[in-house]
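In case you want the letters, here they are:
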Amino acid sequence: QALPKLVIEENGEKTPFIISLMNLKGGCGKTTIASHLAILLAKLEFKVLLIDCDHQNQCRFFFPDQEYDYSIKNVLSDECSTEEAIYKPETDFDIDIIYSDYSLALFAADLKDEEMMLKIIDPVKQNYDFIIFDTSPNFDIINRNVAKASTHIAIPIIPTKLHIEGLGHNIIGLEQIAKIPMDRILGVIPNIVKEKAAQHRAYLELLKEEYESVYNVHIPEDINLPKVNDFRINIFEYREKSKSSQALKKFTWETLRRL
């Protein structure tokens, strides 16, 4: 497919698309989607920066093991520059990453500035077409920072009763707590869908009926996805023809069309 022409201008200058994966509920696949979206955009030769803002720091499991000196916490606490925290993993595609660590959770209790993330990406944002954020499952000050820095927010969700009920809380939280206008919601992404389960199929239809922003593509449950972390690679390299690999590619293309 031909790549769409994607440009955002801010004060007459090009600025990247800044997409954050957010959901107050854990276990819905934010890290997997954020990492693979960033990987595929990089494979399409966009300039991409992936920033892990979840203190669990699990984006690293989709990339070759490497040592690094600084994390996003070090940047936020002014212990290093944004440039110093950027790492290039040894892959056959060009991608930049800022990792996280557990100290971010403790640091969040002391952070007061809700625009700090905007400030730390400002020196480097002209170098990228996309900045992708992975986030933790809450609305702490780190996530409010990420939301305010984002041009778009995508919400992964598993099609179950509890997840769909929680989706309303997510939207209220973004609108009322983080003060994010709803036109910045890129879409709701059905994920880990059990395609043969009648309950999942029914809740997937309900989700589409209740929310206009639901993606057309869904990402199915796939036994291959949990295995990739053992090998520190992505699903495109591990099982290129798997259901989840093909769905994540379709998701990326649909994301590009939605921008």
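No experiment lies behind these values; they were computed from the predicted model shown.

Ordered in space as E5-E4-E6-E3-E7-E8, the six strands form an open sheet in which the pairing is parallel. Unpaired on one side and paired on the other, strand E5 (96–98) and strand E8 (185–190) mark the two borders of the sheet. Each adjacent strand pair in this sheet contributes to an overall mean axis angle of 20°, direction not counted. As defined by bridge partners, strand E4 (residues 48–52) adjoins strand E6 (residues 130–134) across five bridges and the pair is classed as parallel. For Ile51, the partnering residue across the bridge sits in E6 and is Phe133. Of the strands in this sheet, strand E3 (17–21), E6 and E8 touch helix H11 (residues 243–258), which is tilted by about 160° from E8.

In this structure, Pro156 sits in strand E7 (residues 152–157). On a C-alpha basis, the gap between Pro156 and Phe139 in space is 15 Å, while along the polypeptide they are 17 residues apart. Pro156 has contacts with Leu21, Met22, Asn23, Cys28, Lys30, Ile33 and Ile189, leaving out every residue within four places of it along the chain.

Moving on, we come to the pattern of salt bridges. A complete count under the given rule lists 12 salt bridges for this structure. In this structure, Asp65 engages Arg232 in a salt bridge whose closest nitrogen and oxygen atoms are separated by 3.6 Å. A residue pair is termed long-range when its members are at least 10 positions apart, and Asp65 in the loop between E4 and helix H2 (72–76) and Arg232 in the loop between helix H9 (228–231) and helix H10 (235–238) qualify at 167 residues. A relative accessible area of 63% places Asp65 in the exposed class. The exposure class of Arg232 is buried, given its relative accessible area of 19%. Sharing partners across several salt bridges, the network here consists of Lys88, Asp94 and Asp96.

Thresholds applied
Residues numbered from 1 in each chain as written. Predicted model: local features only at pLDDT ≥ 70, side-chain atom pairs only at ≥ 80, totals over all residues. Heavy atoms only, no water. Pairing = 2+ DSSP bridges. Helix = DSSP H or I, 4+ residues; strand = E, 2+ residues; numbered from the N terminus. Axes fitted to C-alpha atoms, helices over the stretch in contact; angles between N-to-C directions. Contact = heavy atoms within 4.5 Å. Salt bridge = Lys/Arg side-chain N within 4 Å of Asp/Glu carboxyl O. Buried < 20%, exposed > 50% of the residue type's maximum accessible area, 1.4 Å probe, protein only.

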